[in-house]
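# A look at the structure
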Amino acid sequence: MKCRQCGTENPEEASFCMECGFELEKEAEPCPSCGTLNPHNAKFCNECGLSLIEKGKTPDEPIEEEDIPEEAPVETPEAEYIPPSGSETWRELCPACNNSPLATKTYNGILSTTEMLECDYCGAVFEPKGKKYKFKAIYDISSDFWKRYGRKTLTENEWTRIAHGGISDEEKNILEQKASQNDLVSFVNQLNAGNVNLSIIPNPPIILKMGEEACVVLSGITLREPRAVRQTRGGYAGPTIRVAKGVSFRMGSVSARSESHEELRNIDQGTFVLTNKRMIFIGSKRTTNIDLPKIISITAYKDGIASQRENKQKTEYFTGIDRHTVTFTINRRTHSVPFTGLIMKAAVEGKIRQI
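In short, a report on the structure. (Residues numbered from 1 in each chain as written. Predicted model: local features only at pLDDT ≥ 70, side-chain atom pairs only at ≥ 80, totals over all residues. Heavy atoms only, no water.)

Scanning all chains against the criterion turns up 16 salt bridges. One salt bridge connects arginine 333 with aspartate 183, and the closest N-O pair in it is separated by 2.8 Å. Taken together, the residues span a long stretch of sequence, with arginine 333 in strand S18 (residues 333-338) and aspartate 183 in helix H3 (residues 169-193) at a distance of 150 residues. Residue arginine 333 is classed as partly exposed on the basis of its relative accessible area of 22%. By relative accessible area, which is 2% here, aspartate 183 ends up buried. The residue arginine 278 makes a salt bridge to glutamate 212 at a minimum N-O spacing of 2.9 Å. Of this pair, arginine 278 sits in strand S12 (residues 278-283) while glutamate 212 sits in the loop between H3 and strand S8 (214-237), and the two are 66 residues apart along the sequence. Each member of the pair arginine 278 and glutamate 212 is classed as buried. (Salt bridge = Lys/Arg side-chain N within 4 Å of Asp/Glu carboxyl O. Helix = DSSP H or I, 4+ residues; strand = E, 2+ residues; numbered from the N terminus. Buried < 20%, exposed > 50% of the residue type's maximum accessible area, 1.4 Å probe, protein only.)

It is worth spelling out the nonpolar core at this point. If you look at the biggest cluster of nonpolar residues, it comprises 31 residues, and the most contacted ones within it are Leu198, Leu274, Met279, Phe318, Phe339 and Met344. Those elements giving two or more residues to this core turn out to be H3, S8, strand S11 (253-275), S12, strand S14 (295-300), strand S17 (325-330) and helix H4 (341-354). Excluding its chain neighbours within four sequence positions, the residues that come into contact with leucine 274 are Glu213, Ala214, Cys215, Val216, Met279, Leu292, Met344, Ala347 and Val348. (Core = buried A, V, L, I, M, F, W, Y, C linked by side-chain atoms within 4.5 Å. Contact = heavy atoms within 4.5 Å.)

Bringing unusual backbone geometry into the picture now. Despite not being glycine, asparagine 311 shows a phi value in the positive range, around 60°. Position of asparagine 311 among the secondary structure elements: in the loop between strand S15 (304-309) and strand S16 (316-319). The phi dihedral of asparagine 331 is positive, around 55°, even though this residue is not glycine. With respect to the helices, strands and loops of the structure, asparagine 331 is situated in the loop between S17 and S18.

The next thing to look at is the sheet that holds strand S7 (residues 153-155). Overall, antiparallel pairing links the five strands, which are arranged S3-S4-S5-S6-S7 in an open sheet. Strands with a single pairing partner mark the edges of an open sheet, and in this sheet they are strand S3 (102-108) and S7. Sheet twist, expressed as the mean angle between neighbouring strand axes with direction ignored, is 35°. As paired strands, strand S6 (residues 132-137) and S7 are joined by three bridges and run antiparallel to one another. By the bridge assignment, lysine 132 is partnered in S7 with threonine 155. Strands strand S5 (125-129), S6 and S7 of the sheet are contacted by helix H2 (residues 156-163), whose axis makes an angle of about 90° with S7. (Pairing = 2+ DSSP bridges. Axes fitted to C-alpha atoms, helices over the stretch in contact; angles between N-to-C directions.)

This is the structure we're talking about:
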């Protein structure tokens, strides 16, 4: 089967082109006697029983070059959406077969009448649903187009776009979301490897050292550290003897047990600064200055990071980072996403690798 997009020969059983990923469409063929559409591999017409093998081309015969339309539909690449070209509306060019216009047909019911748009060539039926149209039926329900858009309700602009080889708004959004996710993964990986840098922040709230540049300044960050918390539990054990009304003596004793465990406590709130040499926290009660080479490990969380460094027994947590955003451009696309702990970890580790 030859791809209508790039012309590559593919195996007959293939559903997608192995060169460009274009969806291979196996169109139904009309019976030369009664005109009924039959599956491409049918040997006899399912309406009149005429042998379809005698047409001069068997169902398994490869498509010749002249059978390929002169203008192949434009397929959207995996990473981005390219709007299709063409001036015909979807009523002038059936989106299911691209061979015939849609005709308006009226069906009378008991209490109302319904107008449908139908294609006389492939049997596609579109039912109005407010300002949209539902793809209700087609002759060949095994076709790839029916599997893709069967029973879906889309706008006229979407059907026109599809008629010229485009895609629906839902498919467009999925492609854009996938492209954004791929760009984010690529950005984080390059940031972690030290191949890209965040923008330099002018006039940071610290005194920079020689050759030092600030790339992250985040306000409203909370410094948290684990603290030991001791709880004492006690209870009375022993008999109670009543000697008079309202008077009694307890003969037992009270025992107590103390347990200790660690809890994360908020130490201070302030500004977090990352430079190419240090990681700094400036608060009203605590100021922390961490040289990047002394960092042993960075753990990423959704809302912040945890840092372990030399000569510091307790882990330091910096939370509230995700309330800020970071903007980056990759593959000529610009994105603005929450500054998660994963991005901050990649930024810190990337700066350490650049030292």
